[in-house]
Amino acid sequence: MLRTIKPKNARSKRALDAREPKEIEDPRTAIFVKGTHTGEVLNSVMRELMALKRPHAIAFNKKNPIHPFDAESTSIASLEFWSAKNDASMFVVGQTTKKRPHGLTFVRMFDGKVLDMSEVGVERWVGMADFKTPKSTPGHKPLIHFASELFDTHPRFVQLKSMLIDFFNGEEIDSMCLPGLEHVISVSCGPTPTALNNATAIAYASRQTSTPEDTTHFPKVHIRTYTTKLLASGTRIPRVELTPMGPSLDLVLRRHQPADSELLKQAMKRPKLKKTDVEKGLGQKKKNMEVDEMGDLRGRVHVGKQDLGRLQTRKMKGLKAGPGEAEEDAGDAKDDFGGPRKRRKVD
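Right, let's walk through the structure included here. Keep in mind the model is a prediction, meaning the values are calculated, not measured.

Parameters and conventions
- Residues numbered from 1 in each chain as written.
- Predicted model: local features only at pLDDT ≥ 70, side-chain atom pairs only at ≥ 80, totals over all residues.
- Heavy atoms only, no water.
- Pairing = 2+ DSSP bridges.
- Helix = DSSP H or I, 4+ residues; strand = E, 2+ residues; numbered from the N terminus.
- Salt bridge = Lys/Arg side-chain N within 4 Å of Asp/Glu carboxyl O.
- Buried < 20%, exposed > 50% of the residue type's maximum accessible area, 1.4 Å probe, protein only.
- Phe/Tyr/Trp six-rings, centres within 6.5 Å; stacked < 30°, edge-to-face > 60°.
- Lys NZ or Arg CZ within 6 Å of the ring centre and 35° of its normal.
- Expected span 1.5 Å × (residues − 1).
- Arc of directions from axis to C-beta.
- Core = buried A, V, L, I, M, F, W, Y, C linked by side-chain atoms within 4.5 Å.
- Contact = heavy atoms within 4.5 Å.
- Patch = residues over 30% accessible without salt bridge, like charges linked within 9 Å, V, L, I, M, F, W, Y side chains within 5 Å.
- Areas by Shrake-Rupley, 256 points an atom, 1.4 Å probe, with all protein chains shown as cover.

### A short note on the pairing of strand S2 (residues 57-63)
Line of reasoning, step 1. Where strand S1 (residues 30-34) meets S2, four bridges bridge the pair, whose relative direction is parallel. Paired with Ala30 across the bridge in S2 is Ala57.

### As for the pattern of salt bridges
Line of reasoning, step 1. The full count for this structure, using the stated rule, is nine salt bridges.
Line of reasoning, step 2. Across the salt bridge formed by Arg255 and Glu119, the nearest N and O atoms sit 2.7 Å from each other. Here Glu119 lies in strand S5 (residues 113-126) and Arg255 lies in strand S10 (residues 248-257), a separation of 136 residues in the sequence.
Line of reasoning, step 3. Note on Glu119: relative accessible area 4%, which makes it buried.
Line of reasoning, step 4. Asp152 is the partner of Lys161 in a salt bridge, and the nearest nitrogen-oxygen pair spans 3.2 Å.
Line of reasoning, step 5. When its relative accessible area of 22% is taken as the criterion, Lys161 is described as partly exposed.
Line of reasoning, step 6. By relative accessible area, Asp152 is classed as exposed at 57%.
Line of reasoning, step 7. Through salt bridges with shared partners, one network takes in Arg28, Arg108, Asp116 and Asp166.

### Some details on the packing of aromatic side chains
Line of reasoning, step 1. Counted by the stated rule, this structure contains seven aromatic pairs.
Line of reasoning, step 2. Relative to Trp82, the ring of Phe60 lies with its centre 5.2 Å away and its plane at 85°, an arrangement referred to as edge-to-face. With a gap of 22 residues between them, Phe60 in strand S2 and Trp82 in helix H3 (residues 75-86) connect regions that are remote in the sequence.
Line of reasoning, step 3. Each residue in the set Phe32, Phe106, Phe167 and Phe168 is aromatic and connected to the rest through ring pairs, giving one cluster.
Line of reasoning, step 4. For Lys53, the ring lying beneath its charged end belongs to Phe167, and the centroid distance is 5.4 Å.
Line of reasoning, step 5. Here the basic side chain of Lys161 rests over the ring of Phe146, its NZ or CZ set 5.5 Å away from the ring centre.

### Some remarks on helix H5 (residues 155-168)
Line of reasoning, step 1. Here H5 is 14 residues long and its end C-alpha atoms lie 20 Å apart, about the 20 Å a rise of 1.5 Å per residue gives.
Line of reasoning, step 2. For H5, the set of buried residues is Arg156, Phe157, Gln159, Leu160, Met163, Leu164, Phe167 and Phe168. For H5, the buried positions fall inside an angular range of 155° around the axis, keeping them on one side.

### A word on the nonpolar core
Line of reasoning, step 1. Residues Leu104, Phe167 and Val221 are the most contacted members of the largest nonpolar core, which totals 35 residues.
Line of reasoning, step 2. Contacts of Leu104, omitting those with residues within four sequence positions, involve Leu42, Val45, Met46, Leu49, Val92, Val93, Gly94, Ser118, Glu119, Val120 and Val122.
Line of reasoning, step 3. Formed by 13 residues, the second largest nonpolar core is a distinct cluster that contains Ile66, Leu79, Trp82 and Ala88.

### A look at a nonpolar patch on the surface
Line of reasoning, step 1. Where nonpolar side chains cluster on the molecular surface, the patch consists of Leu178, Leu230, Val240 and Leu242 and spans about 330 Å² of accessible area.
Line of reasoning, step 2. Within the secondary structure, Leu230 sits in strand S8 (residues 221-231).
Line of reasoning, step 3. Assessed through its relative accessible area of 37%, Leu230 is described here as partly exposed.

### Re the environment of Val45
Line of reasoning, step 1. Assignment of secondary structure puts Val45 in helix H2 (residues 39-53).
Line of reasoning, step 2. A residue is classified by how much of its surface remains accessible, and Val45, at 1% relative accessible area, is buried.
Line of reasoning, step 3. As for Val45 and Pro247, which are separated by 202 residues in sequence, their C-alpha atoms are 8.2 Å apart.

### A few points about the environment of Ile24
Line of reasoning, step 1. Within the element layout of this structure, Ile24 appears in the loop between helix H1 (10-18) and S1.
Line of reasoning, step 2. Classification of Ile24 by relative accessible area gives exposed; the value is 61%.
Line of reasoning, step 3. In this structure the C-alpha to C-alpha distance between Ile24 and Ile173, which are 149 residues apart in sequence, comes to 10.0 Å.

### Examining the pairing of strand S3 (residues 90-95)
Line of reasoning, step 1. In terms of residue burial, S3 counts as a mostly covered element, since six of its six residues are buried.
Line of reasoning, step 2. The alternating pattern of S3 places Met90, Val92 and Gly94 on one face and Phe91, Val93 and Gln95 on the opposite face, and all of these are buried.
Line of reasoning, step 3. Here S1 pairs with S3 via five bridges, running parallel. In the sheet register, Ala30 faces S3, and the bridge partner there is Met90.

Below is the structure:
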């Protein structure tokens, strides 16, 4: 356990203040850790993922006896120590064995403790060097697309989706110009088995936990990376073409460790609103306003019944009444106050 360090100067105080919790957190720094046995496939995959994660990535070149799912080992304590020392909140641990070849374990941290873990196996991969196409600029924020209903219904895929978003998501920004969107990360699944068509969190929680979970019937997860190319379309919105950039990964789900309910509750807790934000009406449910699935604010406006007969239109000479029509309408015409209107002089 790290001892509490008291800052001795302004520089060290600024460094300690930067590690304190914030309302809008900094981008997650990921540490890539090699296990006792990795192999050429895992080394290449971790190198490709680190290229997408830069500059928020740290690589441990030496091999470490890390087994995150082994409760009897000191792996959890080592991960918590590295997290506090490097100010990192995510780990990617590579380990290959005869039983679980080419395994990648995503470990997410909160408050210096392990929050949850998810292990995947690399079935197939294609590196960036195999695609002779332009590459994106390191550090740019990607567009992440998930194409499967399982990422919204099945708890295992929901956890993986949350992991990948935290891994690839960069700095929190309010808006982005279209040319700044250089690459797209597409995450899709294979054909959904019949047993998972009605998969829900309630059905998954009611399963038998005495035996290890069978993940062989889970569909594969395909990760593809593309660069964007903006072309002229004749309108204000350009036509976008996607070009494969790499890497290309095919993953299978393996072991996982869900988050502790109390620790997850603390991680999902939001800070209280400031007094100035409360005065502006933020945080209150506004009537006839809602946010759709895409995050867009939609409002409903109620308009009273309008009398279109009294609508003032544009005055045109062609719409003026003729000499005969003016005399016929003069007797019945009344002004807005109920009295007879004044006759218009007709030449």
